[in-house]
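# Fold and contact review
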Amino acid sequence: FKVRRMKANARERNRTHGLNDALESLRKVVPCYSKTQKLSQIETLRLAKNYIWALSEILRSGKAPDLMSFVQALCKGLSQPTTNLVAGCLQLNPRTFLP
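I will try to describe carefully the structure that is included in this document. (Residues numbered from 1 in each chain as written. Predicted model: local features only at pLDDT ≥ 70, side-chain atom pairs only at ≥ 80, totals over all residues. Heavy atoms only, no water.)

Before going further, it helps to examine the nonpolar core. In terms of nonpolar packing, the biggest core is built from 16 residues, with L47, L74, C75, L78 and V86 touching the most fellow members. Broken down by secondary-structure element, the contributors of at least two residues to this core are helix 2 (41-61), helix 3 (67-75) and helix 4 (80-89). For this core, the leading source of residues is helix 3, giving five residues. (Core = buried A, V, L, I, M, F, W, Y, C linked by side-chain atoms within 4.5 Å. Buried < 20%, exposed > 50% of the residue type's maximum accessible area, 1.4 Å probe, protein only. Helix = DSSP H or I, 4+ residues; strand = E, 2+ residues; numbered from the N terminus.)

Dropping the structure here:
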C-alpha cells in the first residue's frame, strides 16, 4: 500500500509541476506580465480568456478598437488588483475605464 501511495504522490507532484509550468508560460504571453506581482491561476486564466476574446473581436470586425474598449474587455471579470496591474502596464488610471 505504501509503495502505491508513494507512486500516486509522485504522479500528482509531476502533474502539478506540469500545470504550474504551463500557467507560468501563459502568464508570460498575456498582457501585463509582471515579475513582481504574480497573477493567481484563476486570474491568469481569466485574463487569457479575455485577451483571446478581445483579439478575436478585432479579427472579426477587421478594425482596431479604441484603447478604452480594449482595456475594458481585458479587465472584464478580473479582480481589482489584477485590473490595477493591467492599467499600470498600459500606463492608465483604472478609474478612467471602470464603470
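There is more to say, and it comes next.
As a further point, take the packing of helix 2 against helix 3. Helices that pack against each other are described as a pair by the angle of their axes relative to one another and the distance between those axes. One can describe the packing of helix 2 onto helix 3 by two numbers: an axis separation of 7 Å at closest approach and a directional angle of 145°. Across the interface between the two elements, L47, N50, Y51, W53, A54 and I58 of helix 2 pack against F70, A73, L74 and C75 of helix 3. Split into classes, the residues belonging to the contact of helix 2 with helix 3 amount to nine nonpolar, one polar and no charged. (Axes fitted to C-alpha atoms, helices over the stretch in contact; angles between N-to-C directions. Contact = heavy atoms within 4.5 Å. Nonpolar A, V, L, I, M, F, W, Y, C, P; charged D, E, K, R; others polar.)

Note: most peptide bonds trans; most residues except glycine with negative phi. Of note, Q91 is a non-glycine position whose phi angle comes to about 55°, a positive value. Mapped onto the elements, Q91 comes out in the segment after helix 4. Since its relative accessible area comes to 74%, Q91 is described here as exposed.

It is worth spelling out the environment of V71 at this point. Along the chain, V71 turns up in helix 3. When the C-alpha atoms of V71 and L90 are compared, they prove to be 8.7 Å apart, with 19 residues separating the residues in sequence.

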